[in-house]
Amino acid sequence: MSSRTQNMLIPFSMKNCFQSLGYHKVPTAGFKNPATRGLILQSISNDVYQNLAVEDWIHDHMRLEDKPVLFLWRNSPSVVIGRHQNPWQECNLHLMRQEGVKLARRKSGGGAVYHDMGNINLTFFTTKAKYNRMENLKLVVRALNAVRPQLDVQPTKKFDLLLDGQFKISGTASKIGRTAAYHHCTLLCGSDRAALSSLLKSPYHGIKSNATPSIPSTVKNLLEKDPTLTCEVLMSAVAAEYAACHQMVDRVNLINPADEAAFPGISSKVKELRSWEWLYGRTPRFSVNTTLCVPHEQAHLEIQVFMDVKNGRIETCDIKAPGHWLPLEMGDKLNSSFIGSKFCPIETALLTNLLVRTCPDDHRLHSKWNVLCEKIRGIM
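These figures come from a predicted structure and were not determined experimentally.

K.L.:
Would you mind going over helix α10 (residues 266–274) in detail, with residue names and values included?
P.N.:
Every buried residue belonging to α10 is among Ile266, Lys269, Val270 and Leu273, and all of these are buried. Taken end-on, α10 shows its buried residues confined to a sector of 100°, consistent with a single buried face. Packing partners of the buried residues in α10 comprise α3 (48–61), β4 (102–105) and α11 (276–279).

K.L.:
Provide a residue-level description of the nonpolar core, including the pertinent values.
P.N.:
Counting residues in hydrophobic clusters, the biggest one holds 75 residues, and the most contacted among them are Met307, Ile319, Phe338, Phe343 and Ile376. If you tally residues by element for this core, the top one is α3, at 7 residues. Look past the residues within four positions of Ile376 in its chain and what remains in contact with it is Leu292, Met307, Ile319, Leu334, Phe338 and Thr348. Residues Phe124, Val140, Leu144 and Leu151 belong to the second largest nonpolar core, which totals 34 residues.

K.L.:
How would you summarise the sheet that holds strand β8 (residues 161–163) if you had to cite specific residues and measurements?
P.N.:
Read across the sheet, 3 strands follow the order β7-β8-β9 without closing on themselves; strand pairing throughout is antiparallel. Each edge of the open sheet is held by one strand with a lone partner, namely β7 (153–155) and β9 (167–170). Neighbouring strand axes in the sheet, compared pairwise and without regard to direction, differ in orientation by 35° on average. Relative to β8, β7 is paired through 3 bridges, and the arrangement is antiparallel.

K.L.:
So what about the pairing of strand β16 (residues 313–320)? Which residues, and what values?
P.N.:
Note: strand β15 (residues 299–310) against β16, 7 bridges, orientation antiparallel. Looking at the pairing, Asp308 lines up with Thr316 of β16.

K.L.:
Talk me through helix α12 (residues 328–338); I want residue IDs and the actual numbers.
P.N.:
All of the buried residues in α12 are Met330, Gly331, Leu334, Asn335, Ser337 and Phe338. Gly340 lies just past α12 and shows a positive phi near 95°.

K.L.:
Explain the packing of α3 against α10 to me, and be specific about the residues and the numbers.
P.N.:
Working note: a packed helix pair is described by the angle between its axes plus the distance between those axes. Closest axis-to-axis distance for the α3/α10 pair is 9 Å, and the angle between their directions is 125°. Relative to α10, α3 is oriented oblique. The element α3 and its partner α10 pack so that their crossing is right-handed. Facing Tyr49, Gln50, Leu52, Ala53, Val54, Asp56, Trp57, Asp60 and His61 of α3, the residues of α10 in contact are Ile266, Lys269, Val270, Leu273 and Arg274. Its residues placed into classes, the contact of α3 with α10 shows 8 nonpolar, 2 polar and 4 charged.

K.L.:
Could you give me a rundown of the side chain of Ser191, with the residues and numbers involved?
P.N.:
Counting through the fold element by element, Ser191 comes out in the loop between β11 (180–188) and α7 (193–199). We classify Ser191 as buried; its relative accessible area is 6%. For Ser191, the contacting residues outside a window of four places in its chain are Tyr114, Asp116, Gly118, Asn119 and Asn221.

K.L.:
Quick rundown of the sheet that holds strand β6 (residues 119–127)? Include the residues and the values.
P.N.:
The pairing of strands in a sheet happens through backbone hydrogen bonds and is either parallel or antiparallel. Taken together, 6 strands build an open sheet; the order of strands is β10-β11-β6-β2-β1-β13 and the sheet is mixed. Each end of this open sheet is capped by a strand with a single partner; those strands are β10 (172–176) and β13 (253–255). Strand-to-strand twist of the sheet, defined as the mean angle between neighbouring strand axes without regard to direction, takes the value 20°. Note that β6 and β11 share 9 bridges and pair antiparallel.

K.L.:
Could you give an account of the environment of Thr348, naming the residues involved and the relevant values?
P.N.:
With respect to the helices, strands and loops of the structure, Thr348 is situated in helix α13 (residues 345–356). For Thr348, a relative accessible area of 1% corresponds to the buried category. Sequence separation between Thr348 and Ser337 is 11 residues, and the spatial gap between their C-alpha atoms is 9.7 Å. With near-sequence residues (within four places) excluded, Thr348 lies in contact with Phe338, Lys342, Ile376, Arg377 and Met380.

About the criteria used
Residues numbered from 1 in each chain as written. Predicted model: local features only at pLDDT ≥ 70, side-chain atom pairs only at ≥ 80, totals over all residues. Heavy atoms only, no water. Buried < 20%, exposed > 50% of the residue type's maximum accessible area, 1.4 Å probe, protein only. Helix = DSSP H or I, 4+ residues; strand = E, 2+ residues; numbered from the N terminus. Arc of directions from axis to C-beta. Contact = heavy atoms within 4.5 Å. Core = buried A, V, L, I, M, F, W, Y, C linked by side-chain atoms within 4.5 Å. Pairing = 2+ DSSP bridges. Axes fitted to C-alpha atoms, helices over the stretch in contact; angles between N-to-C directions. Parallel < 35°, antiparallel > 145°, perpendicular 65-115°, else oblique. Left-handed = near helix turned anticlockwise from the far one by under 90°. Nonpolar A, V, L, I, M, F, W, Y, C, P; charged D, E, K, R; others polar.

Put into C-alpha cells, the structure is as follows:
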C-alpha cells in the first residue's frame, strides 16, 4: 500500500497507532483480550480475501463480552457473493476475468455486492446475545446526520439503508455463531456504478438452481448527493459515533491482516477464501440446460447442452450435436470426458485441447470441434 493511501486512511501515523494498541507487547493471541471497552479497527489492506479473513479471525478468536468491535475496511475491485450463492447466476465472470476483478465468497449469507475503493465496509462484532442489526444501522444513520443533518437516510425492514426513500446505499449480511455474531454492511460513497451494474449482471443462460438469488436495487453514491461526503469523512464519522455509543475513546487502530503475530493462523483462512474449492466448489448444486448456435453452411445449427453440476464439478453431461455435423463417437467422447471435471473454462480448454489430438487429421472436423468447445467454454 502506498504512503498516500495510508495517509488517507486515518489522521495519525501507523507507528503511533500500534503504540496506542501496545502492538509490540501483545501476546501471540494478538487482539484476543483487548484492555478497552471495545475496539475500532481499520485494515490497511485492500485485499478482499485478507479482509474477509480478519472477519473470520475476530469471530473465532476474540472475546466479545462487553467488548464490541467495529471493523472498517475497503477493497480493490471485487465481487463478493453470499455463502449460499451461485457465482454464474450472480455476476459476469468473463468480464471479471478480463478486468482483473476478484471473486470472493463470504461466510455470511445475503446477496452479491460490488466492492471498490469507493465503497466502505462496516462489520459490527458482538456476542450472540447482543446482536442487533437495526441498532447498528441507526448508528450509521446518526453518523451520517452528524456530518450532514439534511441527509434523508432511513433503514428498511430488510436492513438496507435508503437515501431519499428510493436509492439503496447500504446492504446487509450477517453470521451468527454459537456465542459470537457479526453484522456487516456496505456504504456506497463514490463507487464505480457503471462497473457495479455490468459486473453484477449475469450473461449466462439456462442455469437452474436453489441458490440464494440477489435482489437488484437502484443505487446511488453519497458523493453524488454531496461531494464532501468522502470515504475518509464517513469512516471518521461512523467511528466517532460508535465510540460515543459505547463510551470508548475515539481512536481508530490500523491493523495489517497479513500479520501472523497479531492474527495467528490468518494466512490459512486467506488461503481457504482464495481457493477454487471455496469460491466455486461451495456453490449449491445446479443444472444447465441451454442451446448453442454454431455456424453451418449458410445457416446455424442448434446444439443442446445438459449438465448437472455438484460441488462445482460436472456430474452428468449430455451434449447433443447432430451426427451429420459431428461424429457420434466424438460427441460421446466429449460427454464422458467432461464428467468429474471442474465447471471452469480453463479446465475445459485443457481438456478439449487434449481430446482434439485424438481425432483424425481432418481440418474441417477440427474446425467444428474447436467451435463447439469454444461455445461450451462460453457457458462457464
